[in-house]
Amino acid sequence: RHLTRQAKYRAFASRYARPLSEGAPWTTYSITVRDFSVRLLGLNTALLAADDQDQGRLRVGERMLTELLSGLSPASESTELVLSLSHHPLAGGWLADEATVKKWLRRHVHCHLAGHVHEAESESARSGSGAEWLCITAGAAHAEPLPQGVPAGHGYNIAAVVETPAGMKLRIWPRKFSDPNADFRPDIDKVNPQTLYAEHDLRLRRQPSKT
């Protein structure tokens, strides 16, 4: 039933990305860029979506997590950058199983990317065991009616993985729309004023050189 509801979207998405299988409405695949390996885990948080009252009623479920994370090494031992993606964020109570999803992903995933809420943010989250992972929420570049007196927060992020003497880093350049100037500019409220980017450590081992 849930797959049927998303059939038209799945057909649309398959023209632009890797087609989803008929049996599972989630996906995983790996890419290699200049000898740097990246694995993408696509979570489907919209399976139970029905209306504008969805907050707190959505679920990922253990089957999805088990299949996506099967065979992955702990993030701190991996030389492959593992990114998970979902439409709804893992904060704010959107998912009824939010705590479970975060617990599973934290062990195997270096960074989680999400959207839905329209205020861009990046944060480094630390668990009780000391393991650290990143959660990045993208801004929205499209227009949306807002209450009177509330400024629009439309934006987007540019990010890069950088190898430094101190280890692997993720740098994020958040951009925010400037209404008076009618263009996108650095969101100075979320970055280091000197660099114009936010920087986070990655629990990622250096990948061995193939040269």
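Undergrad: Tell me about helix H3 (residues 62-69), and name the residues and values.
TA: Of all the positions in H3, only Met-64, Leu-65, Leu-68 and Leu-69 are classed as buried. Along the long axis of H3, the arc covered by the buried residues comes to 105°, so they all point the same way. In this structure, the buried residues of H3 make contact with strand E1 (27-33), strand E2 (36-42) and helix H4 (98-108). Note on H3: the residue one or two positions beyond its end, Gly-71, has a positive phi of about 85°.

Undergrad: I'd love a proper account of the pattern of salt bridges, names of residues and values included.
TA: Summed over the entire model, instances satisfying the criterion amount to 6 salt bridges. For the salt bridge of Glu-80 with Arg-39, the shortest nitrogen-to-oxygen distance reads 3.1 Å. Residue Glu-80 is located in the loop between H3 and strand E3 (81-85), and its partner Arg-39 is located in strand E2; the two are separated by 41 residues in the primary sequence. One salt bridge connects Asp-183 with Arg-185, and the closest N-O pair in it is separated by 2.9 Å.

Undergrad: Lay out the side chain of Lys-169 with the relevant residues and their values.
TA: For Lys-169, the position within the fold is in strand E8 (residues 167-178). Polar contacts involving the side chain of Lys-169 include one to the side chain of Asp-201, which spans 2.3 Å. Those residues in contact with Lys-169 that lie beyond four places of it in its chain are Ala-160, Val-161, Val-162, Thr-164, Glu-199, His-200, Asp-201 and Leu-202.

Undergrad: Outline the confidence of the model for the protein, listing residues and values.
TA: On average, the protein scores 79 in pLDDT, and the residues at 70 or more come to 76%. Highest mean pLDDT in the protein belongs to E3 (93); lowest belongs to strand E5 (residues 121-126) (60).

Undergrad: For the packing of aromatic side chains, give the residues involved together with the corresponding values.
TA: Throughout the structure, instances matching the rule amount to 3 aromatic pairs. Note on Phe-177 and Phe-184: the rings are 5.2 Å apart at their centroids and 70° apart in plane angle, and the pair reads as edge-to-face. Taken together, the ring pairs in this structure connect Tyr-156, Phe-177 and Phe-184 into an aromatic cluster.

Undergrad: With reference to specific residues and values, describe unusual backbone geometry.
TA: With a phi angle near 50°, Arg-34 is a residue other than glycine that sits in the positive phi range. Looking at the secondary structure, you find Arg-34 in the loop between E1 and E2. Residue classification places Arg-34 among the exposed residues on the basis of a relative accessible area of 83%. Of note in this structure, Asp-35 is not a glycine but carries a positive phi near 70°. Tracing the chain through its elements places Asp-35 in the loop between E1 and E2.

Rules used in this analysis
- Residues numbered from 1 in each chain as written.
- Predicted model: local features only at pLDDT ≥ 70, side-chain atom pairs only at ≥ 80, totals over all residues.
- Heavy atoms only, no water.
- Buried < 20%, exposed > 50% of the residue type's maximum accessible area, 1.4 Å probe, protein only.
- Helix = DSSP H or I, 4+ residues; strand = E, 2+ residues; numbered from the N terminus.
- Arc of directions from axis to C-beta.
- Contact = heavy atoms within 4.5 Å.
- Salt bridge = Lys/Arg side-chain N within 4 Å of Asp/Glu carboxyl O.
- Polar contact = N/O pair within 3.5 Å; in protein donor to acceptor, adjacent residues only side chain to side chain.
- pLDDT = per-residue confidence, 0-100.
- Phe/Tyr/Trp six-rings, centres within 6.5 Å; stacked < 30°, edge-to-face > 60°.

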